[in-house]
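These are the residues of each chain, in order.
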Amino acid sequence: EFPREFVRSLPKAELHVHLEGTVDAPTLLALAERHGVEPPASDEDGVREWFTFDGFPMFLERYFTIVGLLRDPDDFALAAERYLQTAHEQGVVHVEFHVSATGHVLENGKAWAPIHDGIVDGCRRAAAQTGQTWGLIPDISPHLPAADCARAMDQVFSHDLSGVVAIGMGGPADSWWTDDFTPIYERARSLGLPGVAHAGEHGGADEVRFAIEQFGAVRIQHGIGAMQDPEVVDLLVERGIACDVCPGSNLALHAVESAEAHPLARMLDAGVTVTLATDDPPMFHTSLLDEYERAWQWCELDEDGLRRLADNSLAARL
Ligand code: ADE
Ligand code: ZN
């Protein structure tokens, strides 16, 4: 039987979770009411059913519906505070929140400064109760033009960088693999901010190589596609680049066909540094402890193996 209480007791970090994707059914309904917007379903069960996807495009459409419901600093504070508390109940001592910065700025016409300040308020409120640490990773959405993303990220770079630990990239993948975004990563590095990127989620090892070599990514979100190319696996291992793997997300978005097809066990066998994460937990009906349970089952882990995953997550914090 899965040693859930043992895993809860392990100090852990969660390094790959989207703040927008932590909005659960009651919070979504509260936000819709607050803004006088028709919610996608009228009650909590309906919203939970709405958290069902036939693939990545349908997921992104619904994800961006939630992006559009987060408007005021209080909305962001509420989401951040609630998720840190939820994570605390699972023994999570540190959370790094991805935030779809260019989505809020370019698609919703919002300014970054109040978003940042709201998130920081919410994180500080929770942390005062729980003692957790936290970081923010403003993300580029690569379906938007690179020049517009650069301008939006300039808002990030010129505002208070309190709590900002890196920049990232996540979203629709088609136009992603272009050097047009490289200068944004260079700008971030010049300010002392490392880069991370979603890569090898639905795509293959080339994406992971590109994220490392062109963007200078120091951590990869997902990275499961890396297993298609031994050279890219070597690159991850030699440089000690961690992959923040989300097994429940991969199943829910059909990034893998089945649990049996998931490369998690092969990643561990190859010596890749893996951290477990939830991505968008209510949307995928999952929690960090559920992700540890999947890893336990799929990789036949004992307590040492589970502890190693928790330790990896603490070591890979930014
Ligand atoms: N944004 C939120 N979840 C994501 C995922 N799984 N892949 C890419 N972008 C995302
Ligand atoms: Zn993600």
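Residues numbered from 1 in each chain as written. Chains lettered and ligands numbered in written order. Predicted model: local features only at pLDDT ≥ 70, side-chain atom pairs only at ≥ 80, totals over all residues.

We now examine the sheet that holds strand β6 (residues 217-222). Strand order in the open sheet made by the four strands is β5-β6-β7-β8, with parallel pairing throughout. Of all the strands in the sheet, the pair left with one neighbour each is β5 (195-199) and β8 (274-276). Going from strand to strand, the sheet's axes swing by 25 degrees on average, the running direction of each strand aside. (Pairing = 2+ DSSP bridges. Helix = DSSP H or I, 4+ residues; strand = E, 2+ residues; numbered from the N terminus. Axes fitted to C-alpha atoms, helices over the stretch in contact; angles between N-to-C directions.)

Attention now goes to the nonpolar core. Core analysis: the largest hydrophobic core is formed by 98 residues, its most contacted members being Ala 80, Phe 97, Ile 119, Ala 211, Ile 220 and Val 274. The element contributing the most residues to this core is helix α5 (residues 73-88), with eight residues. Ignoring sequence-local partners within four residues, the contact set of Ala 211 consists of Ala 197, Ala 199, Ala 217 and Ile 220. (Core = buried A, V, L, I, M, F, W, Y, C linked by C-beta atoms within 7 Å. Buried ≥ 20, exposed ≤ 12 C-beta atoms within 10 Å, placed from the backbone. Contact = placed C-beta atoms within 7 Å.)

For the rest of this paragraph, the subject is the pairing of β5. Most of β5 sits inside the fold, with five of its five residues counted as buried. Of the two faces of β5, both are covered, the one formed by Gly 195, Ala 197 and Ala 199 as well as the one formed by Val 196 and His 198. Relative to β6, β5 runs parallel, the two sharing five bridges. For Ala 199, the partnering residue across the bridge sits in β6 and is His 222. A crossover links β5 with its parallel partner β6, the connecting element being helix α10 (residues 205-213), and its sense is right-handed. (Right-handed = clockwise from strand over helix to strand, strands pointing away.)

Let us now look at the packing of helix α8 (residues 146-158) against helix α9 (residues 182-190). The geometry of α8 relative to α9 is characterised by a closest axis approach of 10 Å and an angle of 10 degrees between their N-to-C directions. On the basis of the axis angle, α8 is roughly parallel to α9. In this structure, the crossing between α8 and α9 has a hand that is right-handed. Listed contacts from α9 to Cys 149, Ala 150, Met 153 and Phe 157 of α8 are Pro 183, Ile 184 and Arg 187. Broken down by class, the residue content of the contact of α8 with α9 amounts to six nonpolar, no polar and one charged. (Parallel < 35°, antiparallel > 145°, perpendicular 65-115°, else oblique. Left-handed = near helix turned anticlockwise from the far one by under 90°. Nonpolar A, V, L, I, M, F, W, Y, C, P; charged D, E, K, R; others polar.)

Here α5 crosses helix α7 (residues 112-130) at 30 degrees, and the two axes come no closer than 7 Å. Between α5 and α7, the angle falls in the class roughly parallel. By crossing handedness, the relation of α5 to α7 is classed as right-handed. Between α5 and α7, the residues in contact are Pro 73, Asp 74, Phe 76, Ala 77, Leu 78, Ala 79, Ala 80, Glu 81, Leu 84, Gln 85 and His 88 and Pro 114, Ile 115, Asp 117, Gly 118, Ile 119, Asp 121, Gly 122, Cys 123, Arg 125, Ala 126, Ala 127 and Thr 130, respectively. Taken together, the residues of the contact of α5 with α7 break down into 13 nonpolar, five polar and five charged.

This paragraph deals with α8. An ideal rise of 1.5 Å per residue puts 18 Å on 13 residues; α8 measures up with 18 Å between its terminal C-alpha atoms. Looking at α8, one finds that the buried residues are Cys 149, Ala 152, Met 153 and Val 156. In a view along the axis of α8, the buried residues occupy a sector of 100 degrees, so they form one face of it. Opposite the packed face of α8, turned more than 90 degrees from it, sit the exposed residues Ala 147 and Ser 158. (Expected span 1.5 Å × (residues − 1). Arc of directions from axis to C-beta.)

In this model, helix α14 (residues 288-299) (12 residues) spans 16 Å end to end at C-alpha, consistent with the 16 Å of a helix rising 1.5 Å per residue. Turning to α14, its buried residues number three or more, namely Leu 288, Glu 291, Tyr 292, Arg 294, Ala 295 and Trp 296. Glu 300 sits one or two positions beyond α14 and adopts a positive phi of about 50 degrees.

Turning our attention to the sheet that holds strand β4 (residues 168-169). As a general point, the strands of a sheet are linked pairwise by backbone hydrogen bonds and lie either parallel or antiparallel. Across the sheet, four strands lie side by side as β1-β2-β3-β4; this open sheet has parallel pairing. The sheet terminates laterally at β1 (12-18) and β4, the two strands that pair on one side only. Here strand β3 (residues 133-140) runs beside β4; their pairing, made up of two bridges, is parallel. Following the sheet pairing, Ile 140 is matched in β4 by Met 169.

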